[in-house]
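Chain residues, written in single-letter form:
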Amino acid sequence: MKPFIRDCAEIYPQPYIQNRRNWCWAVACKILGQQYKYRHPQWNFSIVYDSQDLTDLPYGMVSRQWLNLCVPTEEHRGLRLEMAGCMRGVFTVDAWQRAIVMNASGFMKDEDISGDDQCKVRGMKYVITGNPCHAGISISTKGYYESEISVFEQYHKEICKTVSQKKCILANVMLEDYRFHTLIIMGMNRDHICLYDPWDGLLRAASVREVFDTGFQSSLGKGIVKWIQYIKE
């Protein structure tokens, strides 16, 4: 049974809010990768395929029209109707989120795929270079979800240095019900951390202790940042 299609002529999908239930990691990869390209303009990869022949596009590539608007999707599983788009009765998704999932997951499918650490590494590399296995971009992963010592206690210097350089950090959160969610650390001061939540697009502020030790409230429930990933420079 197909989901209800809103009575609309044209609604664009949310570019920085996950269009599917498990695409938080794709949004995080998109944000970190685009920030890196802004800081290093020599990397100018785009998913726009400038060719007259659009019949056999590489996975994830789109015409300029679809990049500026949206990409139609026939896969309705996991689709978040309030965040996806709609065009002439057809559901649409953000072109970059779709491309990241297709290329970083390895499945080459526009589906509601959750991403492990390697998917996130490949996703950030893909956004920057177009090659999810590019050797010229280094991604650092710190911490472990089963560790009893907080990632902040273990890697305090690395976290503070990265944030002081105004670089985002991908924050992997373990929720109280043992599900996982990906947010982005956008900034911090001595006592508080600002996180972006791809589920609803809201910025959330919490104390350092709440984020890394006792738990903070995300859109999907209370959780703790157990491990982090960031692009090394």
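Every chain begins its residue count from 1, and numbering advances along the sequence as written. A pLDDT threshold of at least 70 governs which residues receive local features in this predicted model, and a stricter bar of 80 or more applies before side-chain atom pairs are shown or counted, although totals over entire chains, interfaces and linings include all residues. Computation of side-chain values covers all heavy atoms of the structure but excludes hydrogens and water.

## So, the nonpolar core
Where we set the bar: The term nonpolar core refers to a set of buried residues drawn from Ala, Val, Leu, Ile, Met, Phe, Trp, Tyr and Cys, joined through side-chain atoms within 4.5 Å. Note on classification: 1.4 Å probe, protein chains only; a residue is buried when its accessible area is under 20% of the maximum for its type, exposed when over 50%, partly exposed between these limits. Helix and strand definitions here come from DSSP, where helices need a minimum of 4 consecutive H or I residues and strands a minimum of 2 consecutive E residues; each element is numbered from the N-terminal end. Residues count as neighbours in contact if any of their non-hydrogen atoms are within 4.5 Å of one another.
Among the nonpolar cores identified, the biggest contains 40 residues, and Trp25, Ile47, Ile100, Tyr126 and Ile231 are the most heavily contacted of them. At the level of secondary structure, the elements contributing two or more residues to this core comprise helix H1 (24–39), strand E4 (90–93), helix H3 (95–104) and helix H4 (117–129). In terms of residue count, the dominant contributor to this core is H1 (eight residues). With sequence-adjacent residues up to four places away left out, Ile231 is seen in contact with Leu32, Gly33, Tyr36, Met124, Ile128, Ile137, Ser138, Ile139 and Lys167. Val163, Phe212, Val225 and Ile228 belong to the second largest nonpolar core, which has 20 residues in total.

## Side note on the environment of Ser140
Here Ser140 shows up in strand E5 (residues 139–143). Given a relative accessible area of 7%, Ser140 falls into the buried group. Along the backbone, Ser140 and Ile228 are 88 residues apart, and their C-alpha atoms lie at a distance of 8.2 Å.

## Considerations on the packing of aromatic side chains
The cut-off we apply is this: Only Phe, Tyr and Trp rings are paired, with Trp represented by its six-membered ring, and only when their centres lie within 6.5 Å; those with planes under 30 degrees apart are stacked, over 60 edge-to-face, the remainder tilted. The criterion for a charge sitting over a ring is simple: Lys NZ or Arg CZ within 6 Å of the ring centre, and within 35 degrees of the ring normal.
Scanning the entire structure with this criterion turns up eight aromatic pairs. Ring centres 6.5 Å apart and planes at 70° place the aromatic pair Trp96 and Tyr126 in the edge-to-face group. Pair noted here: Trp96 is in helix H3 and Tyr126 is in helix H4, with a separation of 30 residues, a long-range link. On the basis of relative accessibility, which here comes to 9%, the residue Trp96 falls in the buried class. Tyr126 gets classed as buried once you look at its relative accessible area, which sits at 2%. By way of ring pairs, the aromatic residues Tyr144, Tyr145, Phe180 and Trp227 are connected into one cluster. We note Lys30 situated over the ring of Tyr16; from NZ or CZ to the ring centre the distance is 4.3 Å.

## Considering the sheet that holds strand E1 (residues 10–11)
Selection criterion: DSSP calls a pair of strands paired once it identifies at least 2 bridges connecting them.
Taken in spatial order, the four strands line up as E1-E3-E4-E2 in an open sheet, and their pairing is antiparallel. Edge strands, defined here as strands with exactly one partner in the open sheet, are E1 and strand E2 (71–72). Where strand E3 (residues 85–87) and E4 come together, three bridges link them in antiparallel fashion. If you follow Cys86 over to E4, its bridge partner there is Phe91.

So, to be careful, I would describe these as geometric facts and stop short of saying anything about function.
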